[in-house]
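# Chain and residue survey
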Amino acid sequence: ASWHLMMSLTPSRGCLLDLPWEDILVPHILCHLPLQQLLSLQRVSKSFQSLIQLYLANMRCFDSSQIGPAIPRAAFVNLLKDNEVLQQLALQNCSDWLTDRELLPVIGQNHHLHQIQLKGCAQLSRHALVAISLSCPNLRRLSLAHCEWVDSLSLRSLADHCKALEAVDLTACRQLKDEAICYLVQKCSRLKSLSLAVNANVGDLAVEEIAKCCPELEHLDLTGCLRVKNDSIRVLAEYCPKLRSLKVKHCHNVAESSLSILRSRGVELDVEPPLQRALVLLQDVVGFAPFINLQI
């Protein structure tokens, strides 16, 4: 399919390259082709190479998954060296090669980024997050899942400079404690989605502050936050009327006594209703239910 595409676009077969590059080819044709095919087109001719380089310089979205995790380090640097208009950057699971040295120049010259995905990029450092906070004032969505280099100081920098944040994923950022989360939500009150999953340092103090500072909150992931208890879930129910989903699996101190409030409002929970409800239904059907000691 790729070879057929190349042949159909070859200058000898038509006048495609005679069309305006910046007004027609780049925004209306090349944007519909997978990045992998675009890179292959560079080998068709020098004219196509120049066209693709123009496209790369004007690309609004870069997703490394379109090329694969094995993208060479030098290739990444070359692809984005002339781009200053990126709006979305997705580099999830590029831990084998992505370091501050490759990322910081891209961040530094792209001030219009509103979505950044760095899930699993383990070789970066806190300097990457500081660079993002200083260069991307319009940032809306940021994923730092499984980036254990994220610390409280770099998160404070993010909170100070990126107050328009709406979605932040801090899954398994295990250096972060309640105080850092509290500072983030105090500064970024527009948050609609937040993940603090797999962080045993997060407790009721952070959850209560989230509830009181983020009235627009719709999604909260507390999976595996062992210090979270019922009281903070009740505060969440009281202060977050727009909450649509809550994940509290493996939060052993959160019970149905607090979740039932959210459940009655139709909030999606990842914890099934207690067995006692099933027993009540069973009793309605057969007239009796076995005695089971349930701690709720």
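Residues numbered from 1 in each chain as written. Predicted model: local features only at pLDDT ≥ 70, side-chain atom pairs only at ≥ 80, totals over all residues. Heavy atoms only, no water.

What follows deals with helix 6 (residues 100-108). The set of residues buried in helix 6 consists of Asp100, Glu102, Leu103, Val106 and Ile107. The buried residues of helix 6 all sit within an arc of 160 degrees when viewed along its axis, so they share a single face. (Buried < 20%, exposed > 50% of the residue type's maximum accessible area, 1.4 Å probe, protein only. Helix = DSSP H or I, 4+ residues; strand = E, 2+ residues; numbered from the N terminus. Arc of directions from axis to C-beta.)

A few words on the pattern of salt bridges. By the definition in use, this model includes 9 salt bridges. As a salt-bridge pair, Glu102 and Arg73 come within 3.7 Å of each other at their nearest N and O atoms. Here the residue Glu102 occupies a position in helix 6, and Arg73 occupies one in helix 5 (residues 73-80), the gap between them amounting to 29 residues. Owing to a relative accessible area of 6%, Glu102 belongs among the buried residues under this scheme. A salt bridge links Arg126 to Asp151; its shortest N-O distance comes to 3.0 Å. A residue pair is termed long-range when its members are at least 10 positions apart, and Arg126 in helix 7 (residues 126-135) and Asp151 in the loop between strand 4 (141-143) and helix 8 (152-161) qualify at 25 residues. A residue is classified by how much of its surface remains accessible, and Asp151, at 14% relative accessible area, is buried. (Salt bridge = Lys/Arg side-chain N within 4 Å of Asp/Glu carboxyl O.)

Counting residues in each nonpolar core, the largest one holds 89 residues, and the members touching the most others are Phe62, Leu222 and Leu246. Those residues in contact with Phe62 that lie beyond four places of it in its chain are Leu35, Ile67, Ile71, Phe76, Leu79, Leu80, Leu86, Gln88, Leu89, Ala90 and Leu91. (Core = buried A, V, L, I, M, F, W, Y, C linked by side-chain atoms within 4.5 Å. Contact = heavy atoms within 4.5 Å.)

Regions with low pLDDT should not have their predicted coordinates read in detail. Confidence in the prediction for the chain averages 87 pLDDT; 86% of positions are at 70 or higher. Low pLDDT, under 50, characterises residues 292-296; the stretch is placed with 9 contacts to residues that sit more than four places away or in other chains. (pLDDT = per-residue confidence, 0-100.)

This part covers helix 5. Burial in helix 5 covers these residues: Phe76, Leu79 and Leu80. For helix 5, the buried positions fall inside an angular range of 75 degrees around the axis, keeping them on one side.

In a beta sheet, neighbouring strands pair by backbone hydrogen bonds and run either parallel or antiparallel. Read from one edge of the open sheet, 9 strands run 1-2-3-4-5-6-7-8-9, paired in parallel fashion. Bordering the open sheet on either side are strand 1 (61-63) and strand 9 (268-269), each of which pairs with just one other strand. Where strand 3 (residues 115-117) lies against strand 4, 3 bridges are found, and the strand directions are parallel. Looking at strand 4, one finds that Gln117 is bridged to Ser143. (Pairing = 2+ DSSP bridges.)

To continue, consider the packing of helix 10 (residues 204-213) against helix 11 (residues 230-239). The contact between helix 10 and helix 11 brings their axes to 8 Å, and the two run at 5 degrees. Judged on the interaxial angle alone, helix 11 and helix 10 are roughly parallel. Counting all contacts with helix 10, which are made through Asp204, Val207, Glu208, Ala211 and Lys212, the residues of helix 11 involved are Asp231, Ser232, Val235, Leu236 and Tyr239. Considering only residue class, the contact of helix 10 with helix 11 consists of 5 nonpolar, 1 polar and 4 charged. (Axes fitted to C-alpha atoms, helices over the stretch in contact; angles between N-to-C directions. Parallel < 35°, antiparallel > 145°, perpendicular 65-115°, else oblique. Nonpolar A, V, L, I, M, F, W, Y, C, P; charged D, E, K, R; others polar.)

At their nearest, the axes of helix 6 and helix 7 sit 9 Å apart, and the two run at 5 degrees to each other. By the criterion of interaxial angle, the relationship of helix 6 to helix 7 is roughly parallel. Residues Asp100, Leu103, Leu104, Ile107 and Gly108 of helix 6 form the contact with helix 7, whose own contacting residues are His127, Ala128, Ala131, Ile132 and Ser135.

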